[in-house]
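Secondary and tertiary structure notes
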Amino acid sequence: MDRLLNTVRPYAWGSATAIPELLGTEPTGEPQAELWMGAHPGAPSRVDRGQGAVALSEVIAADPEGELGPDAVRHFGPRLPFLLKVLAAASPLSLQVHPDRAQAEAGFAAEEARGVPIDAPHRNYKDVNHKPELICALTPFDGLCGFRDAGEVAELLAALEVDSLKPYVDILHARPESRALREVLTAVLTADREAMADTVHQAAVAAERLGAQDGPYAPAYRAYASIARHYPGDPGVIAAMLLNYVRLQPGEALYLGAGVPHAYLDGLGVEIMANSDNVLRCGLTPKHIDVPELLRVVRFESDGPGVLRPEAESSGEEVYTTPIDEFRLSRYVLPEGGGPRPLPSRTPQVLLCVSGEAVLRGEGGDAGEAAELRLRQGESAFVPAGEAVALSGPGTVFRATVVA
């Protein structure tokens, strides 16, 4: 088992204090948005096995079956198929959607055939993989996830009393739901930018007013008004009003599958995703927005945000159940004085301590002594497949692995 040396990504939307507080370090004054744990080529974790720090991606590439196990290699190839993060949002991330695997393969092939450079800012598909994600709140965490019921969207927009939004309300009342949501999102994203900026301003003022009142949509109006303060005039503010607003409490999670529009707004959470960089954006960003391709990928289906809570197993592991194999996220809440919890060892795993302290104890080596690794809050470890490890606390530990 290896202690991970991880990279913090300083994206502009990040909190200046949340990750330093988790790690017990001094804030730098700059945003610290994401702490990456894994072998993603963009910022792989490093491990030191006695010869200096080496990228985990290089360690895995040198012996895929030894590090990942034969089952994982057979299912996912010679790479760790997930990336674990701590995400700290102080302002909204871009409103976005991810393709399914078939869409990613087709999109990647089409851009390759057109000769679009892989690092071009207008490129949509950086790889051939899908990018399902799961976010689990460590603090109260605000986000947008999936389309609201079309009738609810119509009611919410109508209450703003903005004349330029009335045609959208009419469409939402008159068309079948999927068609209505498609038409409204298309109209918002293709409208004249100057006219839409005025609409966004009027809607934001009304949302501030309605958010200060009682009513079922008041928390959502407050969220939309906050988004507008960060992105004044952005059409994505109106697009956001088509989506469910959700506030996660610590321990609650959201699973975001292909085609589901979403955005993270504020809070600290543990995020896990399949290794992919394929993102199609709807707004709240200065980055490229490809409206036709976005509309091809989005699933225009209304649904609740589907808040997940962990399911406890007899072993003490609490599992966040998702429908994909590239990752499996769970947690252990380890009490003071509790006995060690043996961890399954067939697949590779990343362990992250988010509170208290955790002790990993492995089998004895050549000298017959058991190896031990102590993780403080914010620290993490990589455990190769086949390595038997027991976990004790007191502390809370997230476990990331694969289904193979």
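Just so it is clear, the model here is predicted, and its values are computed rather than measured.

What counts, and at which threshold
Residues numbered from 1 in each chain as written. Predicted model: local features only at pLDDT ≥ 70, side-chain atom pairs only at ≥ 80, totals over all residues. Heavy atoms only, no water. Phe/Tyr/Trp six-rings, centres within 6.5 Å; stacked < 30°, edge-to-face > 60°. Helix = DSSP H or I, 4+ residues; strand = E, 2+ residues; numbered from the N terminus. Buried < 20%, exposed > 50% of the residue type's maximum accessible area, 1.4 Å probe, protein only. Lys NZ or Arg CZ within 6 Å of the ring centre and 35° of its normal. Expected span 1.5 Å × (residues − 1). Contact = heavy atoms within 4.5 Å. Polar contact = N/O pair within 3.5 Å; in protein donor to acceptor, adjacent residues only side chain to side chain. Core = buried A, V, L, I, M, F, W, Y, C linked by side-chain atoms within 4.5 Å. 1 Å grid on protein atoms, 1.4 Å probe; cavity = no way out; pocket = protein on both sides within 12 Å on 5 of 7 lines; lining within 4 Å. Points joined across faces, edges and corners; volume = space filled by probe spheres on them. Nonpolar A, V, L, I, M, F, W, Y, C, P; charged D, E, K, R; others polar. Salt bridge = Lys/Arg side-chain N within 4 Å of Asp/Glu carboxyl O. Disulfide = S-S within 2.5 Å. Pairing = 2+ DSSP bridges. Lys, Arg positive; Asp, Glu negative; His and termini not counted.

1. Describing the packing of aromatic side chains
Counted according to the given criterion, the structure contains 4 aromatic pairs. Relative to phenylalanine 300, the ring of phenylalanine 147 has its centre 5.4 Å away and its plane inclined at 25 degrees; by these criteria the two rings are stacked. Taken together, the positions of phenylalanine 147 in strand β9 (residues 141-147) and phenylalanine 300 in the loop between α12 (291-297) and β14 (311-312) put the pair 153 residues apart, joining distant regions of the chain. Across the pair, exposure class does not vary: phenylalanine 147 and phenylalanine 300 are buried alike. Lying over the aromatic face of tryptophan 36, arginine 9 brings its terminal NZ or CZ to 4.5 Å of the ring centre.

2. Some thoughts on helix α9 (residues 193-211)
Look at α9: 26 Å from first C-alpha to last across 19 residues, which is about the 27 Å you get at 1.5 Å a residue. Residues Met196, Thr199, Val200, Ala203, Ala204, Ala206, Ala207, Leu210 and Gly211 constitute the buried set of α9. Where the residues of α9 are buried, they touch α7 (166-174), α8 (177-190), α10 (218-230) and α11 (236-240). Taking the backbone nitrogen of glutamate 194 as reference, a side-chain oxygen 3.2 Å away marks aspartate 192 as the first, capping residue of α9.

3. Here's the deal with the nonpolar core
Ranked by size, the top nonpolar core spans 59 residues in total, and within it Leu144, Leu157, Leu160, Leu172, Tyr224 and Met241 carry the most contacts. Listed in part, the 37 residues of the second largest apolar core include Ile60, Phe82, Ile272 and Leu352.

4. Points about unusual backbone geometry
What you tend to see is this: most non-glycine residues have negative phi, and most peptide bonds are trans. With an omega of 15 degrees, the peptide bond between glycine 393 and proline 394 qualifies as cis. Within the secondary structure, proline 394 is located in the loop between β21 (389-392) and β22 (395-401). With a phi close to 55 degrees, glutamate 161 is a non-glycine residue in the positive phi region. Looking at the secondary structure, you find glutamate 161 in the loop between α6 (150-158) and α7.

5. Describing the layout of surface pockets
Approximately 890 Å³ is the volume found for the largest pocket. Taken together, 41 residues make up the lining of the largest pocket; nearest its centre are Ser94, Gln96, Val279, Arg281 and Lys287. Counting residues per element, the ones that place at least two in the lining of the largest pocket are β3 (34-38), β6 (82-89), β12 (262-274) and β13 (280-283). In terms of residue count, the dominant contributor to the lining of the largest pocket is β12 (5 residues). Looking at the lining of the largest pocket, its residues break down into 19 nonpolar, 10 polar and 12 charged.

6. Quick look at the pattern of salt bridges
According to the stated counting rule, one finds 26 salt bridges in the structure shown. We note a salt bridge from glutamate 379 to arginine 3, for which the minimum N-O separation is 2.9 Å. Taken as a pair, glutamate 379 in the loop between β19 (370-376) and β20 (380-383) and arginine 3 in strand β1 (residues 2-3) lie far apart in primary sequence, 376 residues in all. The class of glutamate 379 is buried, set by a relative accessible area of 19%. Arginine 3 gets classed as partly exposed once you look at its relative accessible area, which sits at 33%. Between arginine 49 and glutamate 67 there is a salt bridge, with the nearest N and O atoms lying 2.9 Å from each other. One end of the pair, arginine 49, is in the loop between β4 (46-48) and β5 (53-55); the other, glutamate 67, is in helix α3 (residues 64-68), with 18 residues separating them in the sequence.

7. Quick notes on the state of the cysteines
Counted under the stated rule, the structure contains 0 disulfides. The structure places no disulfide on cysteine 282, whose sulfur is separated from the nearest cysteine sulfur, that of cysteine 145, by 13 Å. Its relative accessible area of 3% is what places cysteine 282 among the buried residues. There is no disulfide at cysteine 353, and the cysteine sulfur nearest it, in cysteine 136, is 14 Å away. Judged by its relative accessible area of 0%, cysteine 353 is buried.

8. Here we look at the pairing of β6
Along β6, 8 of the 8 residues are buried, which leaves the element largely enclosed by surrounding structure. A two-sided burial pattern is seen for β6, the buried positions comprising Phe82, Leu84, Val86 and Ala88 on one face and Leu83, Lys85, Leu87 and Ala89 on the other. The pairing of β3 with β6 spans 5 bridges and is classified as antiparallel. Across the sheet, tryptophan 36 pairs through a bridge with lysine 85, a residue of β6.

9. Considering the side chain of glutamate 34
Secondary-structure assignment places glutamate 34 in strand β3. A polar atom in the side chain of glutamate 34 sits 3.1 Å from the side chain of lysine 85. Not counting residues up to four positions away in its chain, the partners in contact with glutamate 34 are Thr7, Val8, Arg9, Tyr11, Trp13, Ile19, Lys85, Val86, Leu87 and Glu271.

10. Examining the environment of glycine 42
Tracing the chain through its elements places glycine 42 in the loop between β3 and β4. Each C-alpha atom of the pair glycine 42 and threonine 7 lies 9.9 Å from the other, and the pair is 35 residues apart in sequence. Leaving out residues up to four positions away in the same chain, glycine 42 has contacts with Arg9 and Trp36.

11. With respect to the side chain of arginine 281
Inspection of the secondary structure puts arginine 281 in strand β13. Buried arginine 281, no salt bridge; nearest opposite-charge side chain is aspartate 277, N-O distance 8.6 Å. If near-sequence neighbours (up to four positions away) are discounted, arginine 281 is found in contact with Ser94, Leu95, Gln96, Lys287, His288, Ile289 and Leu294.

Purely spatial values, then, with no claim about function.
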